[in-house]
Amino acid sequence: MSEEEGERVRGSGVSGMSELLAVGRYEFRMQARKRSLWLATAVLATVIGVFQGPRGPRYLPADAPAPEVMAGWAMLFGIVVPLAFGMVLADRLIRDRRLGTAPLLESLPVRPGLLLAGKYLGGVAATGLPALLLMLVAGGYETVHRGDPLILGWAVLAFALVMLPGLAFVAGFALTCPLAVSAPLFRVLFVGYWFWGNMLTPDFLPSLTGTLVTPIGDYQASWLSGELALFAGVPGWLNFLRPEPGAGSALLSIALLLLLGLLPLLVTHTVLARRRHAA
Amino acid sequence: MDIQTTGLTRRFGKVTALHSVDLAIPGGMYGLLGANGAGKTTLMRILAGVLPPSGGQVRVGGHDLATGAGRLAVQRRLGYLPQDLGLYPDLSPREFLDYVGLLKGLDDTRARRRQVDELLELVALTEVAGRRMKGFSGGMRRRVGIAQALLGDPALIVVDEPTAGLDPEERVRFRTLLSGLAGNRTVLLSTHIVEDVAQTCQYAAVMAGGRVVYTGMVTELVRVGEGATWEVVTGVGVAPPAGVVVSAISRTDGTHYRVVSPTRPSADAVPVTPSLEDGYVALMQR
Ligand SMILES: Nc1ncnc2c1ncn2[C@@H]1O[C@H](COP(=O)(O)OP(=O)(O)OP(=O)(O)O)[C@@H](O)[C@H]1O
Ligand SMILES: [Mg+2]
C-alpha cells in the first residue's frame, strides 16, 4: 500500500475527536466493569439512605417542594458516595505503567493530552452513571411517597447541578494525584479531605466547607431548595469564597469546580510532556 | 520504510544503553540479536517514538524522529509490539484490538471490525475473542500483542521478542507469518532465539553492551564461526574441553561436545560446519 492510500484508509484524524471519544468510551467501559464501583456505591448509598438523620430528605414534610427534596438527596449521597468514586479512579492513570500498556499507548499516533482528556471524560462518565442511577432510585421512591410526577425531573436536575460538577472535580484530582503521592496515600488523604472540605463546621477549624469550591455542591443545593443546604455562605476562613447563596453564586461554584478539576490535568500534562522531552 | 540512525546514543543516568549506534536498515525482515542488556529494547523504543534519544539522529522512512510531526508520521505507519506488553484485564481481545485500531486512526467501523476479526483468526484467538483477557496465558497474551501490531496494515513493524513464551509450533508459525509480511514492509525483529533469525532474516545486526558489533547478511554471520567450531568426544567423567560448549550429548562412546573456540580446543578436536548460533557465539568471543 502506498503512503497516500494508507492515509486515506485512516481518515483525516486531524481533529483527534474520534480518538478522544474512543479513549473516553473504552475507559468508561473498563471502569463500569469494576464490580467494586457498583458494590461500594450501593452499600454506601443504602447505609446513608436508610440511616439518614431527622434532617434528611426522607423526613421533609409532605408538602416540601420537589427541588428541595431532590437537592436534599443529592447532598445526602454526596456525603459518602464520592469517596468510593475517588478510590476507584485513583489507579486509572497509573495502572498503565503497572499493567504494561503504557509503551503501546505511547507508540500510537495520538497526542498524550488526548489520552489524558479521554481518561478524564471516561472517569466522569463512569462515576456519573451510578450517581445518576442513585438519584433516579431516590426520585422513584419520592414519586411513590409524595405522588408528584415531576419529582423525577428534579432528580435529574439535582444530579446535573449538585453532583456532577463535584464528580468532575474529584475525577481530575483522583486521576492525577496518585502519580505524585501513590494511590494508597492518595486514598487516605482524599477521605480526610472530603470530610474536612465538605462537612466540617467552618467555625471549628479553618476549612473549605461552605465555600464556592465545595465539591459536595452546597451552593447549588442551596439555590435549588431555596434554603441553606449545609454551610454555603456561612462566614469563616477565606470569606471571599463565601458569597450569599443564590443563582449567581451557584453557577459560579459550578464553573469554579469544573475549572479546578481541569487544573491538575493541565499540570500533569505539562509535567509529563517536559519529562518526555528531557532525555 | 527504511531506518537510518547516526550516532544514536541513549543514557539512563550513569548507564549508557546505546553508544553512538550507526545502523542502516533497509526494507524486508531484519534481525536484531544480542545478550540481555545489550540495548535492543532501548533501540526499539526509540524507533517507536516512545523514548527520546540522548543524542544522535534517527530517520525512519525519511521522517526525522526528533520532530513531533516526524514522530507522528512514523507512528501512523507503525506496528509495535513492546517487550512485556501489558493488556487490560477487563477487556476482551476483540475490544482491545478495536480500541487500538481506533487509536491508530481506523475510523471506518465496519472495515475496522472486519480487520480485527481477520487478525483474531490469524492468531487463532477467535474462540476466546469475546472473553475478558484476565487470566489469559502468556502465549495467548503474546498473540493478542502480535495481532495489535498488525492492525492498520503498518509499513514498519517493530517486534520486541515476539516469539518469547510461545510453544514451538506457534513460534514457527509466527516467525513464518512475520517473514511473509516483510515483502514490501520493514520488519525489525529482536530475539534471543538465533534460530528465528536464521530461518527468516536475510540481514541482521548484533548488539553487545550498547554497541552494534555486527551488521550484514546472516550468511556472513554464520561464516564468523568457520574455523572456530569443533566437535570433541571425551570419555565419561572427563572435564569438558576449553572454549564455549554449545552442546553436549552423552552417547555410549562418551560425551560429544560442540565447542566454539578460536583455537583448536584439543588435539582430537574435529572442525565442523558452523550454524548461525556458532557464528553468533564466535562473534561474542571476540
Ligand atoms: N528505563 C530504564 N532505566 C534505567 N536503565 C535502563 C532503562 N531501560 C534500559 N536500561 C538499561 O539499559 C541497558 C539496555 O537495556 P535494554 O532493555 O535495551 O536491553 P535488551 O537488549 O533489550 O535486553 P533483554 O534482552 O534483556 O531484553 C541495560 O543495562 C538496562 O539496565
Ligand atoms: Mg529487551
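It should be emphasised that the depicted structure is a prediction, and the values quoted were computed from it without experimental measurement.

Peer 1: So, the packing of aromatic side chains: which residues are in play, and what are the values?
Peer 2: Using the criterion set out here, one finds twelve aromatic pairs over all chains in the structure. Pairing Phe190(A) with Trp194(A) gives two aromatic rings, centres 5.7 Å apart and planes at 45°, and the pair type is tilted. Here Trp194(A) and Phe190(A) lie together in helix α9 (residues 183-198), a separation of four residues that amounts to about one turn. On the basis of relative accessible area, Phe190(A) is assigned to the buried category, the value being 6%. Taken together, the ring pairs in this structure connect Phe186(A), Phe190(A), Tyr193(A), Trp194(A), Trp196(A) and Trp237(A) into an aromatic cluster. A cation over an aromatic ring shows up here: Arg173(B) above the ring of Phe174(B), its NZ or CZ 5.5 Å from the ring centre.

Peer 1: Residues and numbers for the environment of Ile48(A), please.
Peer 2: Residues and elements named next belong to chain A. Examined against the element boundaries, Ile48 turns out to sit in helix α3 (residues 35-50). For the pair Ile48 and Leu134, spaced 86 residues apart in sequence, the C-alpha to C-alpha distance is 12 Å. When sequence neighbours within four positions are dropped, the list of residues in contact with Ile48 reads Leu76, Phe77, Ile79 and Val80.

Peer 1: Could you give me a rundown of the interface of chain A and chain B, with the residues and numbers involved?
Peer 2: The partner chain B presents 40 residues to the 36 residues of chain A that form the contact. When the two sides are added together, the surface that chain A and chain B hide from each other amounts to roughly 3500 Å², 56% of it contributed by carbon and sulfur. Counting across the chain A and chain B interface gives three salt bridges. Put simply, Arg29(A) and Glu95(B) hold a salt bridge, and the shortest N to O gap is 2.7 Å. Seen at the junction of chain A and chain B, the total is nine residue pairs in polar contact (both at pLDDT 80 or more).

Peer 1: With reference to specific residues and values, describe α9(A).
Peer 2: All names here are of chain A. Taking 1.5 Å as the rise per residue, α9 with 16 residues should run 22 Å; its terminal C-alpha atoms sit 22 Å apart, in good agreement. Residues of α9 that are buried: Ala183, Phe186, Phe190, Trp194, Gly197 and Asn198. Down the axis, α9 shows its buried residues gathered within 90° of arc, on one side only. Those residues of α9 that are exposed and aimed more than 90 degrees away from the buried face are Pro184 and Val188. Of the surrounding secondary structure, the elements contacted by the buried residues of α9 are α4 (66-89) and α8 (151-181).

Peer 1: Account for the UniProt feature "domain: ABC transporter" (unreviewed entry) in chain B, naming residues and giving values.
Peer 2: Per the UniProt record, "domain: ABC transporter" (unreviewed entry) is found at residues 3-234 of chain B. Secondary structure within residues 3-234 of chain B divides into 35% helix and 30% strand; the distance between the first and last C-alpha atoms comes to 48 Å.

Peer 1: Which residues make up the coordination of the magnesium ion (ligand 2), and what values go with them?
Peer 2: For the magnesium ion (ligand 2), the full set of protein donor atoms is Thr41(B) (OG1) and Gln83(B) (OE1), and the range of their distances to it is 1.9 to 2.1 Å. In this pair, Thr41(B) sits in helix α1 (residues 40-47) while Gln83(B) sits in the loop between β6 (78-81) and α3 (93-103), placing the two residues 42 residues apart along the sequence.

Peer 1: So what's going on with the UniProt feature "transmembrane region" (unreviewed entry) in chain A? Residues and values would help.
Peer 2: The UniProt record annotates "transmembrane region" (unreviewed entry) at residues 36-53, 73-94, 114-138, 150-170, 177-196 and 247-267 of chain A. Within the segment residues 73-94 of chain A, helix and strand shares are 77% and 0% respectively, and the terminal C-alpha atoms sit 33 Å apart.

Peer 1: Pulling in residues and values, what's your account of the pairing of strand β3 (residues 28-34) of chain B?
Peer 2: Residues and elements named next belong to chain B. For β3, a buried count of seven out of seven residues is recorded, marking the element as mostly surrounded by other parts of the structure. Sheet topology note: the β3/strand β8 (residues 186-191) ladder contains six bridges and is parallel. Within the sheet, the bridge partner assigned to Tyr30 lies in β8 and is Leu188. Sheet analysis places β3 next to strand β9 (residues 203-208), joined by five bridges and oriented parallel. When the bridges of β9 are listed, Gly31 appears paired with Ala204.

Peer 1: I'd like to hear about a nonpolar patch on the surface, residue by residue, with values.
Peer 2: On the surface, Leu39(A), Val43(A), Val47(A), Val50(A) and Phe51(A) cluster together to form a nonpolar patch covering roughly 510 Å² of accessible area. Mapping Leu39(A) onto the fold places it in helix α3.

Peer 1: I'd like a rundown of the environment of Gly16(A), residues and numbers included.
Peer 2: Turning to its location among the elements, Gly16(A) is positioned in the loop between α1 (3-9) and α2 (17-32). Spatially, the C-alpha atoms of Gly16(A) and Ala40(A) are 35 Å apart, while their sequence positions differ by 24 residues.

Peer 1: Go over unusual backbone geometry, please, and point to the residues and values.
Peer 2: Residue and element names in this part refer to chain B. Of note, Ala124 is a non-glycine position whose phi angle comes to about 60°, a positive value. Looking at the element boundaries, Ala124 is found in the loop between α4 (109-122) and α5 (138-150). Looking at Ala124, the relative accessible area reads 44%, which means it is partly exposed. With a phi close to 50°, Glu161 is a non-glycine residue in the positive phi region.

Peer 1: Run through the layout of surface pockets, naming residues and quoting values.
Peer 2: Residues and elements named next belong to chain A. Volume-wise, the largest pocket comes out at about 1400 Å³. It is helix α11 (residues 247-277) that contributes the most residues to the lining of the largest pocket, nine residues altogether. Space inside the second largest pocket adds up to approximately 540 Å³. Taken together, 20 residues line the second largest pocket, and the ones lying closest to its centre are Arg55, Gly56, Met75, Ala229 and Leu230. Secondary-structure elements contributing two or more residues to the lining of the second largest pocket are α4 and α10 (218-225). Here the lining of the second largest pocket takes six residues from α4, the largest share from any one element. Grouping the constituent residues of the lining of the second largest pocket by class yields twelve nonpolar, five polar and three charged.

Peer 1: Tell me about the pairing of strand β2 (residues 15-25) of chain B, and please be specific about residues and values.
Peer 2: All names here are of chain B. Examined bridge by bridge, strand β1 (residues 3-12) and β2 share seven bridges and lie antiparallel to one another. By the bridge assignment, Arg10 is partnered in β2 with Leu18. Count of turn residues in the β1/β2 antiparallel hairpin: two residues, of which Gly13 carries a positive phi of about 60°.

Definitions and cut-offs
Residues numbered from 1 in each chain as written. Chains lettered and ligands numbered in written order. Predicted model: local features only at pLDDT ≥ 70, side-chain atom pairs only at ≥ 80, totals over all residues. Heavy atoms only, no water. Phe/Tyr/Trp six-rings, centres within 6.5 Å; stacked < 30°, edge-to-face > 60°. Helix = DSSP H or I, 4+ residues; strand = E, 2+ residues; numbered from the N terminus. Buried < 20%, exposed > 50% of the residue type's maximum accessible area, 1.4 Å probe, protein only. Lys NZ or Arg CZ within 6 Å of the ring centre and 35° of its normal. Contact = heavy atoms within 4.5 Å. Buried area = accessible area lost by both parts, 1.4 Å probe. Salt bridge = Lys/Arg side-chain N within 4 Å of Asp/Glu carboxyl O. Polar contact = N/O pair within 3.5 Å; in protein donor to acceptor, adjacent residues only side chain to side chain. Expected span 1.5 Å × (residues − 1). Arc of directions from axis to C-beta. UniProt positions renumbered as here; feature names shortened; annotations may be inferred. Donors = N, O, S within 2.8 Å, 3.2 Å for Na, K, Ca; no water. Pairing = 2+ DSSP bridges. Patch = residues over 30% accessible without salt bridge, like charges linked within 9 Å, V, L, I, M, F, W, Y side chains within 5 Å. Areas by Shrake-Rupley, 256 points an atom, 1.4 Å probe, with all protein chains shown as cover. 1 Å grid on protein atoms, 1.4 Å probe; cavity = no way out; pocket = protein on both sides within 12 Å on 5 of 7 lines; lining within 4 Å. Points joined across faces, edges and corners; volume = space filled by probe spheres on them. Nonpolar A, V, L, I, M, F, W, Y, C, P; charged D, E, K, R; others polar.

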